[in-house]
Amino acid sequence: RTLVSANRPATVRVVVMNSGGQAGRPAAVQLSVKGQVVGSQPLEVPAGGQAEALFPYTFSGPGSYGIEATLANHQDLLPADDRRAYSLQVESSVPVLLVDGVSAHGLETKLGFLEYALDPGPNQGGPFQVTRIPLSQLRPSLLQDHRVVVLGDVRVLDPAMVDALERFVVGGGGVLVGLGPETDREFVNRYW
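Heads up: these notes are all about the structure in this document. Keep in mind the model is a prediction, meaning the values are calculated, not measured.

### Thoughts on the overall build of the chain
Piece 1. Regarding its fold elements, the chain presents 3 helices and 11 strands.
Piece 2. Each helix and strand of the chain, ordered N terminal to C terminal, gives the series β-β-β-β-β-β-β-β-α-β-β-α-β-α.
Piece 3. Taking 2.2 N^0.38 as the reference for a compact globule, 192 residues should give roughly 16 Å; the C-alpha atoms of the chain span a radius of gyration of 22 Å, well beyond that estimate.
Piece 4. For the chain, the C-alpha atoms occupy an extent of roughly 65 × 40 × 25 Å along the three principal directions.
Piece 5. When burial is assessed residue by residue, the chain has 36% of its 192 residues classed as buried.
Piece 6. Once local pairs closer than 6 in sequence are excluded, the contacts in the chain between residues at least 24 apart make up 66%.
Piece 7. Here the chain contributes 15 positively and 19 negatively charged side chains, and the mean placements of these two sets differ by 2 Å.

### Quick look at the packing of aromatic side chains
Piece 1. Taken as a whole and assessed by the stated rule, the structure comprises 2 aromatic pairs.
Piece 2. Centroid distance Y57 to F59: 4.8 Å. Interplanar angle 75 degrees. Geometry classified as edge-to-face.
Piece 3. On the accessibility criterion, Y57 (23% relative accessible area) is partly exposed.
Piece 4. Judged by its relative accessible area of 1%, F59 is buried.
Piece 5. Taken together, the ring pairs connect Y57, F59 and Y65 into an aromatic cluster.
Piece 6. Above the ring of Y65, the side-chain terminus of K34 is found at 4.5 Å from the ring centroid.

### Considering the pairing of strand β4 (residues 36-43)
Piece 1. Two elements, strand β3 (residues 27-33) and β4, share 7 bridges in a ladder whose sense is antiparallel. Following the sheet pairing, A27 is matched in β4 by L43.
Piece 2. Linkage of β3 to β4, two consecutive antiparallel strands, is achieved through a turn of 2 residues, within which K34 is found at a positive phi near 55 degrees.

### Re the sheet that holds β4
Across a sheet, paired strands are connected by hydrogen bonds in the backbone, their directions being either parallel or antiparallel.
Piece 1. If you trace the 5 strands from one edge of the open sheet to the other, you get β1-β7-β6-β3-β4, paired in mixed fashion. Edge positions in the sheet fall to β1 (4-5) and β4, since each of these pairs with one other strand and no more.

### A few points about the nonpolar core
Piece 1. Ranked by size, the top nonpolar core spans 22 residues in total, and within it V14, V16, V29, F55 and F59 carry the most contacts.
Piece 2. Looking at this core, the elements that each hand over two or more residues are β2 (9-17), β3, β5 (50-58), β6 (63-72) and β7 (83-91).
Piece 3. For F59, the residues in contact, after removing those within four places along its chain, are V4, A6, N7, A10, V33, Y65, I67, L88 and V90.

### Let's talk about the environment of G48
Piece 1. Its location among the elements puts G48 in the loop between β4 and β5.
Piece 2. With sequence-adjacent residues up to four places away left out, G48 is seen in contact with N18 and G20.

### Remarks on a nonpolar patch on the surface
Piece 1. Taken together, L107, F113 and Y116 make up a surface patch of nonpolar side chains, about 360 Å² in accessible area.
Piece 2. Structurally, L107 can be placed in the loop between β8 (94-100) and α1 (112-118).

### Concerning the environment of D153
Piece 1. Along the chain, the position of D153 falls in the loop between β10 (148-152) and α2 (159-170).
Piece 2. Counting along the chain gives 37 residues from D153 to R190, while the straight-line C-alpha distance between them is 16 Å.
Piece 3. Ignoring sequence-local partners within four residues, the contact set of D153 consists of G101, K110, G178, G180, P181, E182 and T183.
Piece 4. There is a polar contact of 2.8 Å between the side chain of D153 and the side chain of T183.

### Side note on the pattern of salt bridges
Piece 1. Applying the stated criterion across every chain yields a total of 6 salt bridges.
Piece 2. Of the charged contacts, one joins R13 and E52 as a salt bridge, the two residues approaching to 2.7 Å between their closest N and O atoms. Taken together, the residues span a long stretch of sequence, with R13 in strand β2 and E52 in strand β5 at a distance of 39 residues.
Piece 3. Of the charged contacts, one joins R132 and E115 as a salt bridge, the two residues approaching to 2.6 Å between their closest N and O atoms.

### A word on the environment of D100
Piece 1. On the secondary structure map, D100 appears in strand β8.
Piece 2. In this structure the C-alpha to C-alpha distance between D100 and Q89, which are 11 residues apart in sequence, comes to 29 Å.
Piece 3. A polar contact is formed between the side chain of D100 and the side chain of R132, at a distance of 2.9 Å.

Cut-offs used in this document
- Residues numbered from 1 in each chain as written.
- Predicted model: local features only at pLDDT ≥ 70, side-chain atom pairs only at ≥ 80, totals over all residues.
- Heavy atoms only, no water.
- Helix = DSSP H or I, 4+ residues; strand = E, 2+ residues; numbered from the N terminus.
- Rg over C-alpha atoms; globule rule 2.2 N^0.38 Å.
- Buried < 20%, exposed > 50% of the residue type's maximum accessible area, 1.4 Å probe, protein only.
- Contact = heavy atoms within 4.5 Å.
- Lys, Arg positive; Asp, Glu negative; His and termini not counted.
- Charge placed at Lys NZ, Arg CZ, Asp CG, Glu CD.
- Phe/Tyr/Trp six-rings, centres within 6.5 Å; stacked < 30°, edge-to-face > 60°.
- Lys NZ or Arg CZ within 6 Å of the ring centre and 35° of its normal.
- Pairing = 2+ DSSP bridges.
- Core = buried A, V, L, I, M, F, W, Y, C linked by side-chain atoms within 4.5 Å.
- Patch = residues over 30% accessible without salt bridge, like charges linked within 9 Å, V, L, I, M, F, W, Y side chains within 5 Å.
- Areas by Shrake-Rupley, 256 points an atom, 1.4 Å probe, with all protein chains shown as cover.
- Salt bridge = Lys/Arg side-chain N within 4 Å of Asp/Glu carboxyl O.
- Polar contact = N/O pair within 3.5 Å; in protein donor to acceptor, adjacent residues only side chain to side chain.

Written as structure tokens, this is what we have:
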């Protein structure tokens, strides 16, 4: 994943491949976070195959984390490919914008249950920060404060909003379109 929330369990998956014709000697895969080794697992990789190691980890706070996986106690002809580093941005919460085609209150509307599933109540410490609005309040400026936008049974968007959503996606944001009886399917298919 490219998006991880702080203080929530995550799993770092490390895949080791052996493209050679001989089985590799047993080795250990070490995982380091911010330069500190946080786990090690023995691993045997068959010739021409791969094996994986899973490391559970909870990131203590938001920020940028350097993660590195290294083959330890391992000697081969190309030691340069025995490590992989990755930079991960950890968020305190994922800001989600729910845009309801008609109303923005209660469980009886299109996005009511989704809102409750993402944010069951105050002080629950969940990974999502949910804002729910009716379509009439949707403005391009709202997109800059969110990572995900969910359009729930939205009939039509004006061209400026369609353009803003396209730029939002190109910039790394996510858009989910929930179809319903009020949705103009031709509009949705034309733009998405």
